[in-house]
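Chain residues, written in single-letter form:
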Amino acid sequence: MHILQRNALAHSIGKPSHFHAHLSIGNNNKPSHFESLQEILHAVQCTVVFAVENRFIDSYVLSESSLFVYPSKIIKTCGTTQLLKSIHPLLNQALNLRLSISFYKFTRGNFIFPKSQPFRHTCFKEEVIYLENCLPNDLCYRKASGMPSKIASHSWHIFTATNKVDLSMNMINHNILEDLYTFEICMTELDRVSAGKFFRSGYFQEIARKEMTEITGIENINLNALICDFGFDPCGYSMNGIDGYSL
């Protein structure tokens, strides 16, 4: 199974003899798996505020960022949460379910307020040291790198760890022959008028979130999407979209 976090961590977890083990909280055993996820989220100091699902994915809007659970992959984004604190709870849950991690990925851009970061997130070097010490030894193929951009103050940091064997078998089993890509956007210095659309203006939560989704045009990005949105008080907005309503 994969676990991805943005400022992100990514884990792939699978049974030693069968990569496609389910840690998904959808379908069967949802209550127990949801409780397990709550323990992990508590460790990074966030909670579930909204959730939707279909037969492919369980999607959660959190008080800080988002969480996506697939049958063979978990993606956790950051907000201001300290993602590294989720590693030990995730490893413990995998152990309890007799799963093994086959792939792990941690990515992030530059910190906007680097001096305000708590320990372990103070710099990429410290994060890598922590990750190297936490991950199982069988994830022996590891790489840490920084990707510069045209703007000197912006760069992207990536750490990956894999045992390669399970990852290759996963691709063969899924007949994934094409290349896989991750597309991430980092936005700063937003237009004040556009950003102002994410203020609640005294509305109740139900009205505020729907209005934000409508006036920003987000609802028109994918007309087939099942949207899970939330408007924070006094300002702020978070939204997950699932392509298709099929349950």
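Coordinates for the structure precede this section.
Bear in mind that the values here come from a model prediction, so they are computed numbers and not experimental data.

Colleague: Would you mind showing me how to read the pairing of strand 3 (residues 48-53) here?
Modeller: The side chains of a regular strand alternate, first on one face of the sheet and then on the other. Here strand 3 runs beside strand 4 (residues 58-62); their pairing, made up of five bridges, is antiparallel. Within the sheet, the bridge partner assigned to Ala-51 lies in strand 4 and is Tyr-60.

Colleague: Please explain the packing of helix 2 (residues 87-96) against helix 3 (residues 124-134) as it appears in this structure.
Modeller: A packed helix pair is summarised by two numbers, namely the angle formed by the two axes and the spacing between the axes. Relative to each other, helix 2 and helix 3 sit at 20°, their axes nearing to 11 Å. As far as their axial angle goes, helix 3 and helix 2 are roughly parallel. For the crossing formed where helix 2 meets helix 3, the hand is right-handed. The residues of helix 3 that touch helix 2, namely those facing Ile-87, His-88 and Leu-91, are Tyr-130, Leu-131 and Cys-134. Here the contact of helix 2 with helix 3 is built from residues that sort into five nonpolar, one polar and no charged.

Colleague: Which parts of the structure should I look at to understand the pattern of salt bridges?
Modeller: For side chains bearing opposite charge, pairing can occur when the charged atoms are close. Summed over the entire model, instances satisfying the criterion amount to six salt bridges. Note that Glu-127 and Arg-108 form a salt bridge whose closest N and O atoms lie 2.8 Å from each other. Taken together, the residues span a long stretch of sequence, with Glu-127 in helix 3 and Arg-108 in strand 7 (residues 100-109) at a distance of 19 residues. Classification of Arg-108 by relative accessible area gives buried; the value is 4%.

Colleague: Quick question: what am I supposed to make of helix 2 here?
Modeller: For an α-helix, 3.6 residues make a turn, and residues three or four places apart therefore share a direction. Inspection of helix 2 places Ile-87, Leu-90, Leu-91, Gln-93 and Ala-94 among the buried residues, and these make up the whole buried set. Seen along its axis, helix 2 keeps its buried residues to an arc of 160°; they face one direction. Turned more than 90 degrees off the buried face of helix 2, the exposed positions are Leu-95 and Asn-96. Following helix 2 by one or two positions, Arg-98 adopts a phi angle in the positive range, close to 55°.

Thresholds, definitions, all that
- Residues numbered from 1 in each chain as written.
- Predicted model: local features only at pLDDT ≥ 70, side-chain atom pairs only at ≥ 80, totals over all residues.
- Heavy atoms only, no water.
- Pairing = 2+ DSSP bridges.
- Helix = DSSP H or I, 4+ residues; strand = E, 2+ residues; numbered from the N terminus.
- Axes fitted to C-alpha atoms, helices over the stretch in contact; angles between N-to-C directions.
- Parallel < 35°, antiparallel > 145°, perpendicular 65-115°, else oblique.
- Left-handed = near helix turned anticlockwise from the far one by under 90°.
- Contact = heavy atoms within 4.5 Å.
- Nonpolar A, V, L, I, M, F, W, Y, C, P; charged D, E, K, R; others polar.
- Salt bridge = Lys/Arg side-chain N within 4 Å of Asp/Glu carboxyl O.
- Buried < 20%, exposed > 50% of the residue type's maximum accessible area, 1.4 Å probe, protein only.
- Arc of directions from axis to C-beta.

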